[in-house]
Amino acid sequence: MSILDPAGPAARDIAALWWVMLTGSVLILALVTVLTALSFRKRAQVPDEARLERTWILGMGLGFSMAVLAALLAYGIATGARLTAPVADAVEVTAEASLEGWTFGYPGDAARGQTADVLHIPAGQDVVVSITTRDVIHSFWVPRLAGKIDAIPGHVNTLTIRADLPGTYQGVSAEYSGPGYLDRRFEVRALDPADWQAFLSGEMP
Amino acid sequence: MTALKRHRRLEAIWASEKGFRGWFSTVSHSDLGRMFLFTSFFYFGVAGILAMLIRAQLATPHSAWASEEVYAQLFTMHGTIMMFLFAIPAIEGMAVYLIPKMLGTRDLAYPRLTAYGFWCYAFGGAMMLSSLALGLAPDGGWFMYPPLSGGIHAPGINTDFWLIGITFVEISAICAAVELCVSILKYRAPGMSLDKMPIFAWYILVTALMILTGFPPLILGSILLELERAFGLPFFQADLGGDSLLWQHLFWLFGHPEVYIIFLPAAGILSTVIPVMARTTLLGYGWIVASIVALAFLSFGLWVHHMFTTGIPHMGVAFFSAASTLVAVPTAVQVFAWIGTMWKGRPDLRLPMLHILGFFFTFVIGGLTGVMVAIVPFDWQVHDTAFITAHLHYVLFGGFVFPILAGVYYWLPLVTGCRRFFKLGESAFVLTFLGFHGTFLAMHVLGLLGQRRRIHTYDADAGWTAINLIASIASFIMAIGLALALIDIIIHLFVAVRGKRSPWGAGTLEWATMSPPPSYNFASLPHITSREPYSDTPTLPSDLARGTGYLGDPQGDRRETLMVDIASGRPEALAVYPSNTTLPIRMAAVTGVFFLSLLLKVYWLTPFAVIAVAAFAVRWAWSLGATRDAGPQLIGRDMQVPLAIETEKPPGWWGSAFLLVANATFFGSLLFGYAFLWSIAPGWPPPEWLTFSILEVAIGIGAALAAPVLIRVANARVNASRPATPASAATLGTIVLLAVCLVSLILRAPSPTEHAYGATLLVLGSYGLFHAVLTGIMLAFVIVRMRRGYVSAARSGEPAIARLWVDYTAGAGTLCLLVAHVPAWLT
Ligand code: HEM
Ligand SMILES: [Cu+2]
Ligand SMILES: [Cu+2]
């Protein structure tokens, strides 16, 4: 369940973002703490007001903060754009949430029926999940693969996920949905190409 | 007159009634401010206990003692009480208590309104609390998202408690905001121009304006959701043309500014206390004012950052992401201005300063995680996890609880006139600080490890047990710390060890009187020439007590103070306050009956309650004014000014103007909702449109155009001392015509339960109609007042107030008709 243990490119990008921001934040916190602490030391004379205003308000308050924020923002927007960019030849699946559980639908004809609470995807391929809900708001979240997106009545949201390797990944509904919320979970099974073909043709449950 | 005699005279005029009854009839800002603070801290205790129950539940996977239904009530009520019944009222209490004292005046603009606001808060809060006692507390989370909170998925009364109780409590916030705006702009000591105002007043002014523009969207949302629940108007149901996202927009349009409404006054405390603790003056006063204003504007452009996971297109969220990071800039300006102030002076590590250091450390972390979640992709991961819960507590606890404790410890000597006895405060702070960080630092990690917020327990093999246990143990340490602080404060209140006046050596006016301050605050009002008058004139308290300032000679038994020009602080008018009365509490009680009738669905009672409220309001307004011109009044220092009721813009005019700001925001939110449903909601176009009626539009708009003209004719005739009844009656006639057109619109609109379109038209029409009726009543009131001699060329304020409302109603009515008909006509 940890977002710091990514198993796909989207989650990995976001985990990288986290480590960068954490480092920056620790440095800034240290800076502010030291600056605050230094104000308690004994000083012979105090610099004049205009100088202080320049240093603290223009320099630190405006200059420093804007520079840091602009850099971070650019990084964040670029990451976001990459994660929401349309992907070519992705596998398209559907996810419908409800208070009873998740129902997943697959491409192709009738051979492959819907599955309940287990989403099968091919490993190593981009998968676009179209997400909606039958009743209240839910959210589709597989922490090791990607961020979450809400399932909202009357709307369809899409999310691109990709698992690098075959395996099972835990997913949860991550928008409070009343009694039973704790157990509104699902699983994503990433399959290797052979299994995926078998799954699509209905040979695998 | 000697100082002592003057004190006795003023005390006789201003004192609240003695004993038990005094609690219910007081209109003194000092009393009411303390009552607000006491009550809000009581709720802090209640919500704190709920928090402890939550942490007990989550301590280990096996410690869950509450069912998930109960747990849902716990976290919903914890969040709701903290935000609506603790934080906002605590700020109101601080401001109500301090603002007149800091501004060198004797009370707020509308003492009875302060009392009414308090009682609405007290009764509304009691309503919320009773839901908890009955086990019927709201359980949809503090932001109450439909459809989960809608009638289908939450049929019980729980959600109604929230929608109706919170709306009731919000009346008090709106009252306080109107009152604080007018007080800060118009009720200051003479000579105190805007740039000489204590910085705290700037913070409160901006906060009050934000309440006026931030709360209406939520009030609208609550009304719409309650209409859906009670009468099936499908505003939030996707299959009937509604959209649950509309609620999220309305809620966060309120919810984000709310965070700043809580933070700004706390920052105001910091900007006041830090310079005193550092024995210097604030660095960059002008910059700070600019950054408060910037913060206020920016904070209204950020709400979407609470909705990054709802599937809004990436370009859209990128804009809000940028705005959300930008808002960190004015905050950074303030933080560095404070640090710069400490560099400028020589900070002392006294108790308020400890809390300020606690603030710095905590709030900076909260700000940094805030910037993190403003970065959209990261928010996709941590949204709705314990990471968000941790972040929001760093901001709210760091940015509010520490500053308010600093403020309480700073101003307690003023309130009580005593000094602290047992020094429990320091150890209390250390426990609170360590406990806090233990709890919430850990919760960040839980969020990163995938723990959702609002889950009532978790699996033993999830790997979260140890961290949760740490968080829970730390939270109990914090609770002990807070309890110690409380005991410390209570001991302070009851163990009287006389302290000296102004123990911190502050320069602002609140210290330039006795402590505890007398009921009239200042025996005479100072003339202000600098930002720190008390530092400049150390003899100020005794000078004022000797009556060297303004209004040192009380006339009769009038409660007097001065109104000033907004920018320069030049005295403009002499305001006379009403004295002790139980009218506010009685009016709040019937207001409560109104809300209770909605809650319990005894709708036959509702109209009676409305009539009762209106009757009280008329009585309230009737008791003001006079039937004879009094002419210029001596105010001391060889100056003369007219009575406030003999000016063009009496206090009521200013109050109306600010109330209309809130009202216009409400209307704007309604129009936004209409446009939103139209363009975004699935399930449009509706099955049936309104049929266009040229007659309805023409008559309605014609009446709306005529009304402002006619009321101006009436105003002009009043000013020329000529009979104005006919013109006023004609205005009333046009308003009635407008009302008729709006009724016709309501009756002809498609069924409100079949599609959100019809429902929206009903609400629009009703909004216009409500204002037409209200304005009609005001005009009738003014006409009667004219006939009884309450209006003259000098006393022309009441017709001027009516003009404000006529203009507003005409504008709103026109817009209602247009937005209903133009689309119907085009399709
Ligand atoms: C006294 C110490 C406090 C503790 C130990 C505490 C603890 C908690 C915990 C554990 C939750 C998460 C519940 C969950 O997600 O299951 C929570 C939620 C919340 N808290 Fe606090 N809290 C404290 C103070 C405050 C303060 C001072 C405020 C605001 C002024 C506040 C506002 C909130 C809000 C708005 C929520 C969200 C409720 C919801 O999810 O609907 N808390 N608190
Ligand atoms: Cu959410
Ligand atoms: Cu926000």
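Residues numbered from 1 in each chain as written. Chains lettered and ligands numbered in written order. Predicted model: local features only at pLDDT ≥ 70, side-chain atom pairs only at ≥ 80, totals over all residues. Heavy atoms only, no water.

Asks: I would appreciate a short explanation of the overall build of chain A in the present structure.
Replies: Helix and strand counts for chain A stand at 3 helices and 10 strands. Going from N to C terminus, chain A has its helices and strands arranged as α-α-β-β-β-β-β-β-β-β-β-β-α. A compact globule built from 205 residues would reach a C-alpha radius of gyration of about 17 Å, whereas chain A, at 24 Å, exceeds it by more than 25%. Dimensions along the principal axes, computed over C-alpha positions, put chain A at roughly 85 × 35 × 25 Å. Buried positions account for 48% of the 205 residues belonging to chain A. Partitioning the intrachain contacts of chain A with sequence separation of at least 6 by distance along the chain shows that 64% fall at a separation of at least 24. (Helix = DSSP H or I, 4+ residues; strand = E, 2+ residues; numbered from the N terminus. Rg over C-alpha atoms; globule rule 2.2 N^0.38 Å. Buried < 20%, exposed > 50% of the residue type's maximum accessible area, 1.4 Å probe, protein only. Contact = heavy atoms within 4.5 Å.)

Asks: Honestly, the pattern of salt bridges in this entry has me stumped. Any pointers?
Replies: Where charged atoms from two side chains of opposite charge approach closely, those side chains can pair. As enumerated under the stated definition, the model contains 24 salt bridges over all chains in all. Linking aspartate 164 of chain A and arginine 12 of chain A is a salt bridge whose minimum nitrogen-to-oxygen distance equals 2.8 Å. In this pair, aspartate 164 of chain A is assigned in the loop between strand S8 (157-161) and strand S9 (167-173) and arginine 12 of chain A in helix H1 (residues 9-38), connecting sequence segments 152 residues apart. Judged by relative accessible area, aspartate 164 of chain A falls into the partly exposed class, the value being 33%. Residue classification places arginine 12 of chain A among the partly exposed positions, given a relative accessible area of 38%. The partner of arginine 34 of chain B in a salt bridge is aspartate 31 of chain B, with the nearest N and O atoms 3.0 Å apart. Of this pair, arginine 34 of chain B and aspartate 31 of chain B are both found in helix H3 (residues 29-58), 3 residues apart, which corresponds to roughly one turn of the helix. The structure contains a network of salt bridges with shared partners spanning Asp160, Glu226, Arg229 and Lys601 of chain B. (Salt bridge = Lys/Arg side-chain N within 4 Å of Asp/Glu carboxyl O.)

Asks: What exactly am I supposed to notice about the coordination of the copper ion (ligand 2) here?
Replies: Taken together, Glu175 of chain A (OE), His383 of chain B (NE2) and Asp384 of chain B (OD) make up the full set of protein donors to the copper ion (ligand 2), lying 1.9 to 2.1 Å away. Of this pair, glutamate 175 of chain A sits in the loop between S9 and strand S10 (185-191) while aspartate 384 of chain B sits in the loop between helix H13 (376-382) and helix H14 (386-416), placing the two residues on different chains. Across this residue pair, the class does not change: glutamate 175 of chain A and aspartate 384 of chain B are buried. (Donors = N, O, S within 2.8 Å, 3.2 Å for Na, K, Ca; no water.)

Asks: Mind showing me how you'd approach the sheet that holds strand S2 (residues 103-105) of chain A here?
Replies: Within a sheet, adjacent strands bond to each other through the backbone by hydrogen bonds, running parallel or antiparallel. All names here are of chain A. Spatially, 5 strands are ordered S3-S2-S1-S5-S8 in an open sheet, and the strand pairing comes out mixed. The open sheet has two edge strands with one neighbour each: strand S3 (115-116) and S8. As paired strands, strand S1 (residues 91-97) and strand S5 (residues 127-133) are joined by 7 bridges and run parallel to one another. From the neighbouring strand, glutamate 96 faces S5, where its bridge partner is threonine 132. (Pairing = 2+ DSSP bridges.)

Asks: When you look at the packing of aromatic side chains in this model, what are you seeing that I'm missing?
Replies: By convention here, two paired aromatic rings are described through the distance between centres and the angle between planes. Counted according to the given criterion, the structure contains 85 aromatic pairs over all chains. Centre to centre, the rings of tryptophan 102 of chain A and phenylalanine 140 of chain A are 5.7 Å apart; their planes meet at 75°, and the pair counts as edge-to-face. Placement of tryptophan 102 of chain A in the loop between S1 and S2 and of phenylalanine 140 of chain A in strand S6 (residues 138-141) is noted, with a sequence separation of 38 residues between them. Phenylalanine 140 of chain A carries the same exposure label as tryptophan 102 of chain A, and that label is buried. Consider the rings of tyrosine 176 of chain A and phenylalanine 75 of chain B, whose centres lie 5.2 Å apart with planes at 90°: the pair is edge-to-face. Remark: phenylalanine 75 of chain B occurs in helix H4 (residues 68-102) and tyrosine 176 of chain A occurs in the loop between S9 and S10; the pair is interchain, linking two chains. For the residue pair tyrosine 176 of chain A and phenylalanine 75 of chain B, the accessibility class agrees, reading buried in each case. Linked through ring pairs, Phe84, Trp142, Phe143, Tyr145, Trp162, Phe215, Phe235, Phe236, Trp247, Phe251, Trp252 and Phe254 of chain B together constitute an aromatic cluster. (Phe/Tyr/Trp six-rings, centres within 6.5 Å; stacked < 30°, edge-to-face > 60°.)

Asks: Just to check I follow, could you spell out the environment of histidine 755 of chain B for this structure?
Replies: Residues and elements named next belong to chain B. Mapped onto the elements of the fold, histidine 755 is located in the loop between helix H23 (725-748) and helix H24 (756-787). In this structure the C-alpha to C-alpha distance between histidine 755 and tryptophan 684, which are 71 residues apart in sequence, comes to 9.0 Å. If sequence neighbours within four positions are ignored, histidine 755 has contacts with Pro234, Leu240, Gly241, Gly683, Trp684, Pro685, Pro686 and Pro687. Within the local environment of histidine 755, its side chain forms a polar contact with the backbone oxygen of glycine 683, the two atoms lying 2.7 Å apart. (Polar contact = N/O pair within 3.5 Å; in protein donor to acceptor, adjacent residues only side chain to side chain.)

Asks: I keep staring at the domain arrangement of chain B and nothing clicks. Help me out?
Replies: In many reports, interface size means the accessible area that the parts give up when they come together. If you check the domain split of chain B, you get domain 1 (256-501 + 512-518) and domain 2 (659-826). Domain 1 of chain B and domain 2 of chain B are separated by 44 Å when their C-alpha centres are compared. (Domains from an automatic or database assignment.)

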